[in-house]
Amino acid sequence: MTEVATARRSRITPEREAELYGAVLDLLREVGYDALTMDAVAARTKSSKATLYRQWGGKAELVAKAVRYHKPGGALGEVDTGSLRGDLHGLTLRSDDCEMEQNSALMRGLAMAVHGNPDLLQAFKEHLIEPEMAQFRQVLQRAIDRGEVRADNPAIDFVMHMMIGGFAARSLIDEQPPTQAFLLSYIDAVVLPALGAPTC
């Protein structure tokens, strides 16, 4: 990180940053991405717009970082149970069913917004998708190193797609929110068999 970026970020304390991110997500749930404004964030958090722009540059980066910050459970790379099944189950169990329902509704709204907002798509790729992909690769590499998954298995490149697909399809196909029980069974029935990994 450059000295300029460090100086820019150091103006806001971690506690204040968490408060701002929480307010952004509350506003997103209330009005959606398109209607969310930096003026509204400033008013809700008693901040100046200048501070928000100095810290985050714009709405897209602020929203992407807020979503990333509030992803339940922290980094996937920190989960290391000794098996791929344990790691994927451990990640799933970090969110309770209520959090999953809230996150599912939020992500559906943001998925719609991404299609019409190139800046939001770019911010999501940079701050959410690429870091998540890197962490999934870490977890999968550990599984390969343990001999659970073959390095040449073509499904390796689609694990993130499978996980997001299961989460999203639960609402779309079954008209129910994703739950721990559903995602655990999905991992065992779909993701692990595709990878040729043990399911018990």
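Right above here is the structure, for reference.
Throughout, a residue's number is its position along its own chain's written sequence, starting from 1. Side-chain atom pairs in this predicted model are given and counted only at pLDDT of 80 or more, local residue features only at pLDDT of at least 70, and totals for whole chains, interfaces and linings cover all residues. Hydrogen atoms and water are omitted, and side-chain values are computed over all heavy atoms in the structure.

**A word on the overall build of the chain**
Part 1 of the reasoning: What counts as a helix is a DSSP run of H or I of at least four residues, what counts as a strand is a run of E of at least two, and both are numbered from the N terminus. Scanning the chain for helices and strands turns up 10 helices and zero strands.
Part 2 of the reasoning: The secondary structure elements of the chain, listed N-terminal to C-terminal, are α-α-α-α-α-α-α-α-α-α.
Part 3 of the reasoning: Relative to its length of 200 residues, the chain is compact, with a C-alpha radius of gyration of 18 Å against a globular reference of 16 Å.
Part 4 of the reasoning: Once the C-alpha set of the chain is aligned to its principal axes, its extents read approximately 55 × 45 × 30 Å.
Part 5 of the reasoning: Across the 200 residues of the chain, 40% fall into the buried class.
Part 6 of the reasoning: Note on contacts: a residue pair qualifies if any of its non-hydrogen atoms lie within 4.5 Å across the two residues. Long-range pairs, those at least 24 residues apart, make up 68% of the contacts in the chain with a sequence separation of at least 6.
Part 7 of the reasoning: The method behind every accessible area is Shrake-Rupley, applied with a 1.4 Å probe, and residues are considered shielded solely by the protein chains displayed. Carbon and sulfur atoms make up 56% of the accessible area of the chain, which totals about 10,800 Å².
Part 8 of the reasoning: Positive charge is attributed to Lys and Arg, negative charge to Asp and Glu, and no charge count is given to His or to the chain ends. One atom stands in for each charge, and that atom is NZ of Lys, CZ of Arg, CG of Asp or CD of Glu. Placing the 22 positive and 27 negative side-chain charges of the chain at their respective mean positions leaves the two points 5 Å apart. Here the globule rule reads 2.2 Å times residues to the power 0.38, and the radius of gyration is calculated from C-alpha atoms. Relative accessibility under 20% of the residue-type maximum defines a buried residue, over 50% an exposed one, and the middle range a partly exposed one, all with a 1.4 Å probe and only protein chains included.

**Topic: helix α2 (residues 14–31)**
Part 1 of the reasoning: The length a helix should cover is 1.5 Å for every residue beyond the first. Compared with the 26 Å implied by 1.5 Å per residue over 18 residues, the 26 Å span of α2 between its first and last C-alpha is a close match.
Part 2 of the reasoning: Along α2, the residues classified as buried are Glu 17, Leu 20, Tyr 21, Gly 22, Ala 23, Val 24, Leu 25, Leu 27 and Leu 28.
Part 3 of the reasoning: Following α2 by one or two positions, Gly 32 has its phi on the positive side, about 85°.

**Thoughts on a negative patch on the surface**
Part 1 of the reasoning: A surface patch of negative charge is lined by Asp 96, Asp 97, Glu 99 and Glu 101.
Part 2 of the reasoning: Given the relative accessible area of 36%, Asp 97 is considered partly exposed. Patch definition: residues with relative accessible area over 30% and no salt bridge; like charges joined within 9 Å; nonpolar side chains (Val, Leu, Ile, Met, Phe, Trp, Tyr) joined within 5 Å. Here, a salt bridge means any side-chain nitrogen of Lys or Arg that lies within 4 Å of a carboxyl oxygen of Asp or Glu.

**Quick notes on the pattern of salt bridges**
Part 1 of the reasoning: In total, this model carries 14 salt bridges according to the counting rule given.
Part 2 of the reasoning: In this structure, Arg 146 engages Glu 148 in a salt bridge whose closest nitrogen and oxygen atoms are separated by 2.7 Å.
Part 3 of the reasoning: In this structure Arg 146 comes out as partly exposed when scored by relative accessible area, which is 32%.
Part 4 of the reasoning: The buried category is assigned to Glu 148, whose relative accessible area is 14%.
Part 5 of the reasoning: Among the salt bridges present, the one from Arg 150 reaches Asp 152, with a minimum N-O distance of 2.8 Å. For the pair Arg 150 and Asp 152, one class covers both residues: exposed.
Part 6 of the reasoning: Residues participating in the shared-partner salt-bridge network are Asp 80, Asp 87, Arg 142, Arg 146 and Glu 148.

**Notes on the nonpolar core**
Part 1 of the reasoning: Residues belong to one nonpolar core when they are buried, are Ala, Val, Leu, Ile, Met, Phe, Trp, Tyr or Cys, and are joined through side-chain atoms within 4.5 Å. One finds Val 24, Leu 28, Tyr 33, Val 63, Leu 110, Leu 120 and Phe 124 to be the most contacted residues of the largest nonpolar core, which totals 28 residues.
Part 2 of the reasoning: Listed by contribution, the elements that provide at least two residues to this core are α2, α3 (38–45), α4 (49–56), α5 (59–69), α7 (97–116) and α8 (118–146).
Part 3 of the reasoning: Core analysis: the second largest hydrophobic core is formed by 20 residues, Phe 136, Ile 156, Val 159 and Met 163 among them.

**Topic: the packing of α5 against α8**
Part 1 of the reasoning: Contact geometry of α5 with α8 gives a least axis separation of 7 Å together with a crossing angle of 30°. By the angle between their directions, the pair α5 and α8 is classed as roughly parallel. In this structure, the crossing between α5 and α8 has a hand that is right-handed. Note on element contacts: α8 touches α5 through Asp 119, Leu 120, Ala 123, Phe 124, His 127, Leu 128, Pro 131, Glu 132 and Gln 135, opposite Ala 60, Glu 61, Val 63, Ala 64, Lys 65, Val 67 and Arg 68.
Part 2 of the reasoning: Each residue belonging to the contact of α5 with α8 can be placed in one class, and the counts come to nine nonpolar, two polar and five charged. Geometry is summarised by axes, namely lines fitted to C-alpha atoms with helices restricted to the contacting stretch, and by angles between N-to-C directions that run from 0 to 180 degrees. Put simply, angles under 35 degrees are roughly parallel, angles over 145 are roughly antiparallel, angles from 65 to 115 are roughly perpendicular, and the rest are oblique. It is the rotation of the near helix from the far one that decides the hand of a crossing: anticlockwise by less than a right angle makes it left-handed, clockwise makes it right-handed. Residues are grouped as follows: nonpolar covers Ala, Val, Leu, Ile, Met, Phe, Trp, Tyr, Cys and Pro; charged covers Asp, Glu, Lys and Arg; every other residue, Gly included, is treated as polar.

Taken by themselves, the reported measurements are silent on function.
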